[in-house]
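# Remarks on the overall topology
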Amino acid sequence: MSIHDELGQTRRAVQNLEKALAGLRNQLGAHLDVLRLIDDVARCSIDLRRLEEQVGPPRLQELVAIPDDDYSHNLWATGDADHEGLGAPGRRAP
């Protein structure tokens, strides 16, 4: 799993915790321990946001299309190109 996947999973977990704590607050009111938990999760969210900014967005990797066509024979005619691991055409092994 990439770092961005891990950060996304962590972000969803923090958001789920925020929702659960909002439900507790609705049930219990402004209970001191619930308020402290809400404050702790808010700090976690802020720290996570800072970490996401430090890591930066995922880099888009450019896809390079490699054609299935045969290579041009001129590619091997330069004299210094290796052909299938056998060495350049016209050269002999010592």
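Relevant structure appears above.
Below is a summary of the structure that appears in this document.

Each value, and the rule that gives it
- Every chain is numbered independently, its residues counted from 1 as its sequence is written.
- In keeping with the predicted nature of the model, local features appear solely for residues at pLDDT of at least 70, side-chain atom pairs appear and are counted solely at 80 or more, and the whole-chain, interface and lining totals rest on all residues.
- Excluded from the side-chain calculations are hydrogens and water; all other atoms, namely the structure's heavy atoms, are used.
- Between Lys or Arg on one side and Asp or Glu on the other, a salt bridge is scored when a side-chain nitrogen of the former is within 4 Å of a carboxyl oxygen of the latter.
- Helical segments are the DSSP runs of H or I of at least four residues, strand segments are the runs of E of at least two, and each set is numbered from the N terminus.
- Buried means the residue's accessible area, taken with a 1.4 Å probe over protein chains only, is under 20% of the maximum for its type, while exposed means over 50%, and partly exposed covers the values in between.
- For helices, the fitted line uses only the C-alpha atoms of the stretch in contact; every axis is such a line through C-alpha atoms, and the angle between N-to-C directions lies from 0 to 180 degrees.
- Orientation categories follow fixed angle ranges, with anything under 35 degrees roughly parallel, anything over 145 roughly antiparallel, 65 to 115 roughly perpendicular, and all other angles oblique.
- Left-handed describes a crossing whose near helix is turned anticlockwise from the far helix through less than a right angle; right-handed describes the clockwise counterpart.
- In this description, contact between two residues means that some pair of their heavy atoms is separated by no more than 4.5 Å.
- Only Asp, Glu, Lys and Arg are considered charged, only Ala, Val, Leu, Ile, Met, Phe, Trp, Tyr, Cys and Pro nonpolar, and every remaining residue, Gly among them, polar.
- Any pair of nitrogen or oxygen atoms within 3.5 Å is treated as a polar contact; in protein, a donor-acceptor pairing is required on top of that, and neighbouring residues in sequence qualify only through side-chain atoms on both sides.

## A few points about the pattern of salt bridges
Close approach of charged atoms lets side chains of opposite charge pair. Enumeration according to the criterion identifies four salt bridges in this entry. A salt bridge links Asp39 to Arg43, with the shortest nitrogen-to-oxygen separation between them at 2.9 Å. Taken together, the positions of Asp39 and Arg43, both in helix H2 (residues 32–55) and four residues apart, correspond to about one turn of that helix. Take Arg43: its relative accessible area is 45%, and that puts it in the partly exposed class. The shortest N-O distance in the salt bridge between Arg43 and Asp40 comes to 2.9 Å. Here Arg43 and its partner Asp40 are both found in helix H2, three residues apart, which amounts to about one turn of the helix. What emerges from the salt-bridge pattern is a single network uniting Asp39, Asp40 and Arg43.

## Here's the deal with the packing of helix H1 (residues 3–28) against H2
Where H1 meets H2, the closest approach of the two axes is 10 Å, and the angle between their N-to-C directions is 160°. It follows that H1 is roughly antiparallel to H2 by the angle criterion. Of the two elements, H1 crosses H2, and the hand of that crossing is left-handed. On the side of H1, the interface is formed by Ile3, His4, Leu7, Thr10, Arg11, Val14, Leu17, Glu18, Leu21, Leu24, Arg25 and Leu28, while H2 contributes Val34, Leu35, Leu37, Ile38, Val41, Ser45, Leu48, Arg49, Leu51, Glu52 and Val55. Per-class residue counts for the contact of H1 with H2 are 15 nonpolar, three polar and five charged.

## A word on the environment of Pro57
Looking at the secondary structure, you find Pro57 in the segment after H2. Remark: the alpha-carbon pair of Pro57 and His4, spanning 53 residues in sequence, is separated by 7.8 Å.

## Details of the side chain of Arg11
Within the fold, Arg11 resides in helix H1. You can call Arg11 buried: its relative accessible area is 15%. A distance of 3.0 Å separates polar atoms of two side chains, one belonging to Arg11 and the other to Ser45. Not counting the four nearest positions on each side in its chain, Arg11 is found in contact with Ser45, Leu48, Arg49 and Glu52.

Geometric values such as these leave the question of function open.
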